[in-house]
Structures are given as structure tokens and as C-alpha cells.
Amino acid sequence: MARTLRLKKFKDLSLDDPFFDSLKAGYGEFPKWFQSKAEEPVYVVMDENDHLSGMIYLKLEKGAVTDVEPNLPNGNWLKVGTLKIEGKGTKLGERVIKKIFDTALASQATGIYVTIFELHDSLIKLFKRYGFEKTAEKTTDNGVEFVLSRSLTAHSQDMLRSYPFIRVNDRKQWLLAVYPEFHSRFLPDSILHNEPKEIVQDVSYTNTIHKIYVAKLPLTRMEEGDSVIMYRTSDNKGPAYYRSVATSICVVEETHRRKDFATVEEFLAYTKPHSVFSEDELRDMYVSWGRLYTVKMTYNVAFNKRITRGDLMELADVPEQPRWDLKRLTEQQFLKIVELGKVNESIIVD
């Protein structure tokens, strides 16, 4: 069982847990601060034995950040207040970063910042991968920390450094159909509800930034930077007109075809870390499928409102033909779908 991210309150945690020893040693004021937060929510990482192995506290601050040098400018800042994750885990790091961005967008933050001691090199590299830069330092009785910040209003041209924002100019837009049994693994189930708060609070193990999907469809039609509307086909509990739904937006990183993988082991090494499929399923696909394609995507945003096939046809003018397996959309159709999904309008940056 993988480590899971859960939403709790500080009062549900024990300050005597050995997990907090390093925080108490590093920050003299930590116990008093911890107790003052009793009723506030905090994300925690629990391992397979239900032991605490991570903690992420997020807090919205309005105005300039004046306890760092130089000050961070006036804005709505999401502060990553306390962040500690024990052990290694790329996917866990991704889930934490995604949770931070999801919360920031839902809070209408204009920027995010985190303070980290220089010795936490791997954590610093993780944040920098997604566009954070060292912009200040914070000096306290505990020492000097780096301040890494990321604007949510000024955007890099680099795809990962501008994550989760989406560009449409000079790029193509697609609709990709996924069967329900794979969709539930591929993307968190909360996106099938109509409550925005459920998306922010979702802590599914599938809620990572990078996804690899495998299909017989010619996924190589898509190119880096293209936007993809994920479309969950009908669960056969009613007409597809109402039961098939658009749920979220991903952005293409790269595509491959079978011949790009010399052996099944090479294929598994590439797909398994970010795939929704088990090793047995992947092995069977490689061995038995005549046509095989992969797409690696970033999972950028879940719709706050699911959009039925009927609404896609009637409100976004998506025609019934050609088939909706891998369907090219016009920019106008795509932007209308984004509007219908009731996501933060700032997610599209051009």
C-alpha cells in the first residue's frame, strides 16, 4: 500500500509523535505554534502502517510578505507554512505540489511561497522544477531559510515551470475518451461530483501531476503542448447522452509508439511509474496488441462541473461525428468546454 495524503486537523495529531522531533529541534517555537493551530486543517502523509511520515500546512496571506528579505510584493499569497516529508518518493512529491497548486487556484492566490533550509536539496529541486525560484531569505533564531516563490500571474514559456496553466495559441486541442474502469484509476473520482471543494480536498493516490496513458488509438497525432479534454465514456447505467462526461484537462508532454520501445522491459520501465495500468496489464498490451501508443501528460485541472455528452454537443457545438475516441477540437469548442467546466478562468493564459 502506498503512502496516502489525508486532510486532518492539528488536534488529531500528537505532538509526541517522533515525526515532530526534528521540527521541534529545528524550530524552538514549534510546540506553541502547533498547539495554537488545533482547529486548523493540515494535510498529512500516512504510510502503510498508519504512521505519520509527512505534513503540509497551507495558509492564505493577504498583502506584502514583510518577514523575508527582500520583501515579497503585495498580493494574495498561499504560504506553504510547514512542509516535511520523510523518505523518498517522486510521486508523493508530485501529489504534494499538485495539492499546493489546487489549493492556490481555489483560493484565488496570486502567488505561492515556501521557506526551506538549504540542506533540503531534493525538496528545493522539486519546487524549482515547477517554476519556483529563490527570491528572498528568511532569518530567524533558527537560522537562515531560502524563500522560494512562484507567481501565478506571470507565466514562463516552459510547460512545467508554468504548470498548471494552459496555453492555446499555436497549439491543438483534443478530446480523449477513456473507459470508466480506467478513468477511475487515471483521475481522482471527486471530479465526477459537482462540489468544487471536493476537488481541492481530494487526496487520492492517483492525484499526481504526470500521467501515462496507453491505447490502440494513434496518440502520436498529438504533440507537446497540446491540450486534452479527458472524456469518461458511459458507465452503461443510462444513456451516454447523460452518463458520458468531460472531466478534466491534461497537457501533452510527449507521445510514443510501440517501435520506440525495443523490449517489454523498456516499455515497462517507461510506463509503469506513471501509468494507471498494472504491470500484468502493461505486459499483456505490449505482447498482444498489434497497435500500441503512449501519451505522457500533465494533469492540469479538474472541472468543477462535469459536462455531459449532451452539453458538449448542444452547448459546445461538438459534432457527433467523427467518433469521440481521439477527436480534434476547435479552439472555440475547447474554450467553451473550459467555461462550462467552471474552472478558474485564469487557467488559460493566452
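In what follows, the accompanying structure is described. All residue numbers refer to positions counted from 1 along the written sequence of the respective chain. For a predicted model such as this one, the threshold for reporting local features is a pLDDT of at least 70, and the threshold for listing and counting side-chain atom pairs is 80 or more; totals across whole chains, interfaces and linings nevertheless cover every residue. As a rule here, side-chain values cover all heavy atoms of the structure and leave hydrogens and water aside.

### A look at unusual backbone geometry
Part 1 of the argument: A cis geometry characterises the amide bond from Tyr 163 onward to Pro 164, with omega recorded as 5°.
Part 2 of the argument: For the peptide bond that leads from Gln 321 to Pro 322, omega is -5°, which places it in the cis range.
Part 3 of the argument: Here a helix means four or more residues in a row that DSSP labels H or I, a strand means two or more in a row labelled E, and each is numbered from the N terminus. With respect to the element layout, Pro 322 can be found in the loop between helix H10 (309-314) and strand S13 (326-329).
Part 4 of the argument: Backbone geometry at Asp 170 places phi at a positive 60°, although glycine is not the residue there.
Part 5 of the argument: Here Asp 170 lies in the loop between strand S7 (143-151) and strand S8 (173-178).
Part 6 of the argument: Think of it in three bands: residues with accessible area under 20% of the maximum for their type are buried, residues over 50% are exposed, and the middle band is partly exposed, with areas taken using a 1.4 Å probe on protein chains only. When its relative accessible area of 84% is taken as the criterion, Asp 170 is described as exposed.

### Things to note about helix H11 (residues 331-340)
Part 1 of the argument: Of the positions making up H11, those classed as buried are Gln 333, Phe 334, Ile 337, Val 338 and Leu 340. The buried residues of H11 occupy an angular sector of 165° when projected down its axis, which confines them to one face. Structural note: H11 exposes Gln 332 and Glu 339 on the side pointing more than 90 degrees away from its buried face.
Part 2 of the argument: Contacts were defined at the residue level, with two residues in contact if any of their heavy atoms lie within 4.5 Å. Its buried side turned inward, H11 meets S8, strand S10 (227-232), strand S11 (245-257), strand S12 (293-308), H10 and S13.
Part 3 of the argument: Phi turns positive, to about 55°, at Lys 342, one or two residues after H11. Within this analysis, the arc is defined by the directions that extend from the helix axis to the C-beta atoms.

### Section: the pairing of S11
Part 1 of the argument: Here S11 lies mainly inside the structure; ten of its 13 residues are buried.
Part 2 of the argument: As paired elements, S11 and S12 share eleven bridges and run antiparallel to each other. Paired with Val 252 across the bridge in S12 is Met 297. Here, strands pair whenever DSSP counts at least two bridges between them.

### A look at the nonpolar core
Part 1 of the argument: Only buried residues count toward a nonpolar core, which is a set of Ala, Val, Leu, Ile, Met, Phe, Trp, Tyr and Cys residues joined through side-chain atoms within 4.5 Å. Formed by 56 residues in total, the largest nonpolar core has its most connected members in Ile 56, Ile 112, Phe 127, Leu 312, Ile 337 and Ile 347.
Part 2 of the argument: When neighbours within four sequence positions are excluded, Ile 56 is seen to be in contact with Leu 5, Val 42, Tyr 43, Val 45, Val 80, Thr 82, Leu 83 and Val 96.

### Quick notes on the sheet that holds S7
Part 1 of the argument: The strand order S1-S2-S3-S4-S5-S7-S6 describes an open sheet built from seven strands, whose pairing is mixed. Here the strands that pair on one side only, and so sit at the sheet edges, are strand S1 (4-9) and strand S6 (133-140). Averaged over all neighbouring strand pairs, the angle between strand axes comes to 30°, with direction disregarded.
Part 2 of the argument: By the bridge criterion, six bridges tie S1 to strand S2 (residues 41-46) in an arrangement that is antiparallel. Within S2, the position partnered with Leu 5 by the bridge is Val 45. Lines are fitted to the C-alpha atoms to define the axes, a helix being fitted only along its stretch in contact, and any angle between axes, read from their N-to-C directions, falls within 0 to 180 degrees.

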